[in-house]
Amino acid sequence: MISRLLLYSGLATLLFSCNDADDKVTPKETFVSNFYGTADQLDIQVGFEEGAQPYTTFNTQNAWEITQDNITSLLSSKEIEVTTPISLADMQNLGILDQINYTRQNIIDLSVSLQQYNNEGSIQGITILFLDGLFIKDGQPNNRVLGINLNETSTLAIFKPVVESAGNGSAARTLVEQTTVVHEIGHALGLENNGVAATSAHHDEENGAHCTNEDCVMYWQNGGGEISEFIRPFILGGEIELFKSQCIDDIKAK
């Protein structure tokens, strides 16, 4: 089972890749298989390495409202309550970690301290690690990986040095970070054809578990590979609606 990677390629350019055999994981149960029909609350749990704190402000609003609002919208048909931390005080400071860069197993091990739920009951949790290092892919640190969802699990990681290099100015970097978080949560929740079946012809099979709609956060390149193009309307004051109707309809039909 291949992890979903959100990749950085050049300044403000994102690519999504799901084709590396080294990214395989074999969880006992998939998160999606136990989530729909069981959960009535999703708790997003965030931990950060010292020096890799998430952004918490976007213009005049709290940055994490972007994740809160978009995941709430995605799950609205299921009447699943979403709780998201809004300040660093609501997140777990992991301190300075021993690793410089991180393997998949490192990420799994670190997530254990964050996960409060067995993900079998009415309250289930997604864990997000913000790390001050790079993802080790094919045995080498990869400076193109912005974020990763370990496929079929509720575990995500965001690689802060890559976020920092992926936008000009704090507003742009904040949006890069938040769209990465929302994209990877989308994968964890089963998009696209990743545990939740597509209900219309919008699955981009050539590029893995992604949407063909270039205006959707689940599009493999977030708008032709240019994240600056994808986030520009939001920087200029547009409403930050990241999921489009096809993906929302898939969740509704689940």
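The notes below deal with the structure included here. All figures in this text were calculated on a predicted structure; none of them were measured in a lab. (Residues numbered from 1 in each chain as written. Predicted model: local features only at pLDDT ≥ 70, side-chain atom pairs only at ≥ 80, totals over all residues. Heavy atoms only, no water.)

Some points on the overall build of the protein
Across its full length, the protein carries 7 helices and 12 strands. Burial analysis of the protein (254 residues in total) assigns 54% to the buried set. Look at the contacts in the protein between residues 6 or more apart in sequence, and 73% of them connect residues 24 or more apart. Accessible area for the protein stands at about 10,400 Å²; split by element, carbon and sulfur atoms hold 46% of it. (Helix = DSSP H or I, 4+ residues; strand = E, 2+ residues; numbered from the N terminus. Buried < 20%, exposed > 50% of the residue type's maximum accessible area, 1.4 Å probe, protein only. Contact = heavy atoms within 4.5 Å. Areas by Shrake-Rupley, 256 points an atom, 1.4 Å probe, with all protein chains shown as cover.)

Re helix H2 (residues 64-74)
Among the residues making up H2, those that are buried are Trp64, Ile66, Thr67, Asn70, Ile71 and Leu74. Around the axis of H2, the buried residues are gathered within 145° of arc, so they sit on the same side. (Arc of directions from axis to C-beta.)

Quick notes on the pairing of strand S11 (residues 145-149)
Burial runs high along S11: 5 of the 5 residues are buried. Here S11 pairs with strand S12 (residues 155-159) via 3 bridges, running antiparallel. Within the sheet, the bridge partner assigned to Ile148 lies in S12 and is Ala157. The turn linking S11 back onto S12 is made up of 5 residues, and Glu152 within it adopts a positive phi angle of 70°. (Pairing = 2+ DSSP bridges.)

Observations concerning the packing of H2 against helix H5 (residues 170-188)
At their nearest, the axes of H2 and H5 sit 9 Å apart, and the two run at 30° to each other. Considering their axes alone, H2 and H5 lie roughly parallel with respect to each other. Pair H2 / H5 crosses with right-handed handedness. Facing Trp64, Ile66, Thr67, Asn70 and Ile71 of H2, the residues of H5 in contact are Leu175, Gln178, Val181, Val182 and Ile185. When grouped by side-chain class, the residues that make up the contact of H2 with H5 number 7 nonpolar, 3 polar and no charged. (Axes fitted to C-alpha atoms, helices over the stretch in contact; angles between N-to-C directions. Parallel < 35°, antiparallel > 145°, perpendicular 65-115°, else oblique. Left-handed = near helix turned anticlockwise from the far one by under 90°. Nonpolar A, V, L, I, M, F, W, Y, C, P; charged D, E, K, R; others polar.)

Observations concerning the layout of surface pockets
By volume, the second largest pocket is sized at about 190 Å³. Surrounding the second largest pocket, Gln61, Glu65, Ile66, Asp69, Asn70, Ser73, Glu239, Ile240, Glu241, Leu242, Phe243 and Ile248 form its lining. Residue contributions to the lining of the second largest pocket peak at 5 residues, all from H2. When grouped by side-chain class, the residues that make up the lining of the second largest pocket number 5 nonpolar, 3 polar and 4 charged. (1 Å grid on protein atoms, 1.4 Å probe; cavity = no way out; pocket = protein on both sides within 12 Å on 5 of 7 lines; lining within 4 Å. Points joined across faces, edges and corners; volume = space filled by probe spheres on them.)

Points about the nonpolar core
Counting 66 residues, the largest nonpolar core has Leu42, Leu75, Ile107, Ile128, Phe159 and Leu189 as the members making the most contacts within it. Of all the elements, H5 adds the most residues to this core, at 7 residues. (Core = buried A, V, L, I, M, F, W, Y, C linked by side-chain atoms within 4.5 Å.)

Remarks on the state of the cysteines
Inspection of the entire model under this criterion finds 0 disulfides. With no disulfide partner, Cys211 has as its closest neighbouring cysteine sulfur the one in Cys247, 4.2 Å distant. With no disulfide of its own, Cys216 has Cys247 as its nearest cysteine by sulfur position, at a separation of 3.8 Å. (Disulfide = S-S within 2.5 Å.)

Observations regarding the environment of Gly121
Mapping Gly121 onto the fold places it in the loop between helix H3 (104-112) and strand S8 (123-131). Residue Gly121 is classed as partly exposed on the basis of its relative accessible area, which comes to 27%. Linking Gly121 and Phe35, residues 86 residues apart in sequence, is a C-alpha distance of 8.5 Å. Once you skip the residues sitting within four places of it in the chain, Gly121 turns out to touch Thr38 and Ala39.

What about the pattern of salt bridges?
For the coordinates displayed, the defined rule picks out 2 salt bridges. Salt-bridge contacts for Glu177 lead to Lys160; the nearest nitrogen and oxygen are separated by 2.5 Å. Taken together, the positions of Glu177 in helix H5 and Lys160 in helix H4 (residues 160-164) put the pair 17 residues apart, joining distant regions of the chain. Judged by relative accessible area, Lys160 falls into the buried class, the value being 5%. The residue Arg173 makes a salt bridge to Glu164 at a minimum N-O spacing of 3.9 Å. (Salt bridge = Lys/Arg side-chain N within 4 Å of Asp/Glu carboxyl O.)

Observations regarding the side chain of Thr127
Along the polypeptide, Thr127 turns up in strand S8. Under the relative-accessibility criterion, Thr127 is labelled buried at 1%. The residues contacting Thr127, other than those within four sequence positions of it, are Gln45, Ser111, Leu114, Gln115, Ser154, Thr155 and Leu156.

Details of helix H7 (residues 245-253)
The set of residues buried in H7 consists of Cys247, Asp250 and Ile251. End-on, the buried residues of H7 take up no more than an arc of 95°, which puts them together on one face. Of the exposed residues in H7, the ones pointing more than 90 degrees away from its buried face are Lys252 and Ala253. Contacts made by the buried residues of H7 are with H2.

Everything listed here is a matter of geometry and, on its own, says nothing about what the molecule does.
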